[in-house]
Structure formats: C-alpha cells, structure tokens
2 protein chains.
Amino acid sequence: MSVSTDNFLKAVYQLHSDKHQKAVSARLVERLNVSGAAITDMAKHLAQKGLIEYEPYKELRLTNKGREKALAVVRKHRLWETFLVQVLQIPWEKVHGEAERLEHQTSDYLIDKIDEFLDYPKLDPHGDPIPDVKGEMDETINEMVLIAGKSDADFIITRVQHHDEDLMEFYNKHNIRPGKGLRVISKMDKFGFISVEMNGSTIALPEKIARSLYVKPIAKNP
Amino acid sequence: MSVSTDNFLKAVYQLHSDKHQKAVSARLVERLNVSGAAITDMAKHLAQKGLIEYEPYKELRLTNKGREKALAVVRKHRLWETFLVQVLQIPWEKVHGEAERLEHQTSDYLIDKIDEFLDYPKLDPHGDPIPDVKGEMDETINEMVLIAGKSDADFIITRVQHHDEDLMEFYNKHNIRPGKGLRVISKMDKFGFISVEMNGSTIALPEKIARSLYVKPIAKNP
DNA sequence: GTTAATTTTTAAGTTTGCTTAAAATATAAT
DNA sequence: ATTATATTTTAAGCAAACTTAAAAATTAAC
Ligand SMILES: [Mn+2]
Ligand SMILES: [Mn+2]
Ligand SMILES: [Mn+2]
Ligand SMILES: [Mn+2]
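This section reports on the structure supplied with the text.

Parameters and conventions
Residues numbered from 1 in each chain as written. Chains lettered and ligands numbered in written order. Predicted model: local features only at pLDDT ≥ 70, side-chain atom pairs only at ≥ 80, totals over all residues. Heavy atoms only, no water. Least-squares fit on C-alpha atoms with pLDDT ≥ 70 in both. Contact = heavy atoms within 4.5 Å. Near = heavy atom within 4 Å. Polar contact = N/O pair within 3.5 Å; in protein donor to acceptor, adjacent residues only side chain to side chain. Helix = DSSP H or I, 4+ residues; strand = E, 2+ residues; numbered from the N terminus. Nonpolar A, V, L, I, M, F, W, Y, C, P; charged D, E, K, R; others polar. Pairing = 2+ DSSP bridges. Axes fitted to C-alpha atoms, helices over the stretch in contact; angles between N-to-C directions. Parallel < 35°, antiparallel > 145°, perpendicular 65-115°, else oblique. Left-handed = near helix turned anticlockwise from the far one by under 90°.

This paragraph deals with the relation of the copies chain A and chain B. Superposing chain A onto chain B takes a rotation of 180 degrees combined with a translation of 0.0 Å along the rotation axis, leaving an RMSD of 0.0 Å. The symmetry that links the two subunits is that of a two-fold axis. Scanning chain A for the C-alpha nearest the rotation axis identifies Leu102 of chain A, at a separation of 3.4 Å. A shared binding surface is used by both copies, with 100% of the interface residues of chain A retained as interface residues in chain B.

What follows is the structure, given as structure tokens:
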C-alpha cells in the first residue's frame, strides 16, 4: 500500500464516521488537497482492489478489507502521537504532522512494540480512541459536539479536533484538554459565541471552537 | 527531497568513503536495486540541482550541498537505529530495515529531540559514528577490515556491517559486537577461513564475515 | 594497437498519482 | 417541470522514477 492509498482509506473512514451535509467525495477533495478527478481515479483503483465500494455518483463506502487497512493506519497514527507526547515530550500541537508521515513507514512489528512500550493506551493525546492490534477500540458514548450542549449543564471534554493549527493555539491559550470539565453558560449568541465556565473563569468560545470540541454530559453536583 | 534522492545521496556518500575496485555507479546499481539507466537519470537530475558533480563516464562526486543532505539522512538513520535498540529494545538485527524507512519521514525537529533524549550518542548499535546536528562525527582512526589484520595480534571490533541478514545471524550466534576484543590466530587459509580467538574460544570466520568486521589494533598485554 | 568485454549513456516506454478542461449527471431553485 | 447550480466523471496530459534494448564510450585482453 502506498502513502496515497493509506491516506485515502483513512480519510474515507474518518469522514464517514462523522456525518456532514457534504458528501464524502467532496470532503476528500478538501482533506487530501487533490482534485475531484483524482478522487474518482483513486476510488476506482481501490474499488478494483476490493478496498472500497464504488458506483458512479453514489456515496463511497469501505469494504471490510478497506476498513481493516484504514484502522491499521489510524492505529499507527494515534500510537505515534501518544508516543511522541509521552516519551519524547513533544508538545501535543506538533505531533499530528509527524505522525501523519510516520504512520506510513511503520511496520506492524514496530507499532506493536510501541503499543507494548506504552502499555496499550486506549486514548491518544487528543482524546481519540486507539484501535488495538485487532482494530477494536472503545466506543465513545453520550458524546456530542459542544455546540449541541444544553446551556446550564456540565460536561467533560472527551476529544478535541487537532488538524487545524489555530484550534490548537486556542486550546493551549485556554488550557483546553480532554478530561477537563466545563459548564455551558449560554448557547450561541448572535455574534457566534458560546459562553462557558472553565478553569474557574468564564470565556466566550467562537463557533469554530465550539464545533471542534467533543464533550459528554456529567451529572450536576447540587 | 524524495525518498529516492535521499537514498541516492546517502548511498553515494557511503560508497565513496569505502573504496573498492568497482566504480560508484556500478555499486549504486546493486545497492539501490535499480538499472544503470536509472542511475544515470538520477545523477543528471541531482547534478542539475547542485547536489552532485556529474560528467559522462566520470566518477560521481557529491557537492558540499549534496554531502550535507547525505549526512542529514545518515544522522536520521543512525539515531533511529540507536533509539529503537536503546529505548524500544528492538533487537539490533531488526532496526536497520525500520530506520531505512523512518529516516525519510523524520523532521529535523523530531530527530533533534530524539538526539537530545538519547543524550547525544556518538555511535549507533553497529558501531557507526552518528553525525551531530552540524553533520560532524568522530573519525575512526587506525581502523581496518579484519581480513587485513596481522596474525598473532589483538584487536577490538569497532564496527560491523549490517545490511546482510546472514551476517547479523552469524554475529548473534557468536556474540560478535562492537567493543569486543579478539585475537587473530592465523590469516586466511586455503578454504577461505580466518582463525580468531574470541569470547574464550577459537572460531573460524568465513571470508565474508572477516570482510564485514572493522577492527582496530590494541597493544598486547605481555 | 586492434579487438573484445564491460560499463555507461541514450532512447523509448511504463506506472502511479496527480493536473486542467469538458462533458455528464445529480441536486436545488423557481 | 424546467432551468440553473453544483458535483462528479471522463478525457487528455504531465512529472517522477523506474524499465528494457540499443548505441556509445571506456577499459581490458591479446
Ligand atoms: Mn492526528
Ligand atoms: Mn498520512
Ligand atoms: Mn543501518
Ligand atoms: Mn532509506
């Protein structure tokens, strides 16, 4: 498998899981930074290899074999991110770029050694679940995007999106991490801000941020 | 720089340093497993980029810029090998293959972090010197190939070749490592064996092995 | 110093993963 | 239900890094 097919399968897997108004193909264009023609090309190519189901103008879908390959790449990516943060102490905003390249050049043998060394972590530094050697991982239940959270309710941050550098900068500035608690004070105002209480102070989160944070509700302490 | 140029420059650098009857071009064909035509192609291409000096039918030579790039790849390779052995405890015979791929996907930032983590090692697991961040490394003085060693003299193994799996298997079986001492009992016999005393016993080393071990003489203890 | 063997280069062609421009189809709007 | 807009596919083509086969230059042999 080449770097391009790795990235294609991984992207299909990830885009498929969070549903969106746009079709997978269209979002692949943005995610992989290639033309639409390249997507069709690759789709046909991988369909013929039995990795995706492709029919003209229909939504792309991974076959079992394709999902297996995608999960293997996701596993390598997330284990590398975890390793780089925990062992080499690389700042969490820097590890995604490194992992994006290392994931394609890491044997199954090596990644299993890394997994063992880390003692089989379940979550990466951004809160994303790490597939185990069989491709299985924890389901995140009750999870929602922060922007969908009811006001006057308490949440814990479960995951943060981390593809965008601006997002990461914001998280760092406001000490936003998976595991942190927050309370939604008011839902989005007319300027696109949502007000939350965090780390003892109230801050206004821009819509972009509020859409990038995944949270789960917790029982209120009276 | 692509993987192919990385490997090409690294190979030119390495083949240039140990001189041999065959020309560099011819040995590149073996080392990189490509046709002669591909070597000429790449040579022209890199010459035009100012990385090597190329004139038809003349020996290839790296420019300063080319050597710099080559050393950067060598640095990444050897630091990865060291890291995989020391930190992840991967057996030394397995690390070369992994490093061969990782070396091309590792940023300068990351490799410097690895260097720092390892506390700036000077030698890799096979005894090869590791270029520092400026491309400088220890010269190995008085070093020779074992087969050139005088009989009835004592040596220390400085480096071992490790591209070949058979070699590594032999080293493991006989506990041959950099740093080990040995004494040459007799030079190569008519069957191609050289007799040495090592680890308290006498063993016959086939020519191939004796050509793969680099040693330096030590003063005899009377 | 010719001739022969070896090495290197040139020439032509392939594959992968892209591109742009157009045509085809699907989706949305009136 | 047409028409307009957006998306996807087809078509043609390009660049990198290879290949094989033939031609050219070098090196070795006699
Ligand atoms: Mn990531
Ligand atoms: Mn990637
Ligand atoms: Mn190596
Ligand atoms: Mn390599």
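Let us now look at the protein's contact with DNA strand D. Taken together, the neighbourhood of DNA strand D is formed by 20 residues, with Thr40, Lys44 and Tyr54 of chain A together with Ser2 and Ser35 of chain B sitting nearest. Close to the protein, within 4 Å, the atoms of DNA strand D are drawn from sugar and phosphate at a rate of 75%. At a separation of 3.0 Å, a phosphate oxygen of DNA strand D approaches a polar side-chain atom of Ser4 of chain B. Tyr57 of chain B is positioned with one of its side-chain polar atoms (N or O) 3.2 Å from a sugar or linking oxygen of DNA strand D. Counting only elements with at least two residues in the surface near DNA strand D, the list comes to α2 (24-32) and α3 (36-48) of chain A together with α3 (36-48) of chain B. Of the residues belonging to the surface near DNA strand D, the class tally is ten nonpolar, eight polar and two charged.

Strands in a sheet are paired, the pairing made by backbone hydrogen bonds, and the direction either parallel or antiparallel. Residues and elements named next belong to chain A. Here we have six strands laid out as an open sheet, ordered β3-β8-β4-β5-β6-β7, and antiparallel in their pairing. Unpaired on one side and paired on the other, β3 (144-145) and β7 (201-206) mark the two borders of the sheet. Docked against the sheet, helix α7 (residues 165-174) engages β4 (153-160), β6 (193-198), β7 and β8 (213-217), running at close to 175 degrees with respect to β7.

All names here are of chain B. Packing of helix α4 (residues 64-86) against helix α6 (residues 108-117) brings their axes to within 10 Å, and their N-to-C directions diverge by 45 degrees. Taken as axis vectors, α4 and α6 run oblique relative to one another. The two elements α4 and α6 meet at a crossing, and its hand is left-handed. Contact with α4, carried on its side by Arg75, Lys76, Leu79, Trp80 and Phe83, involves Asp108, Leu110, Ile111, Asp112, Ile114, Asp115 and Phe117 of α6 and no other residues of that element. Residue composition of the contact of α4 with α6, grouped by class: seven nonpolar, no polar and five charged.

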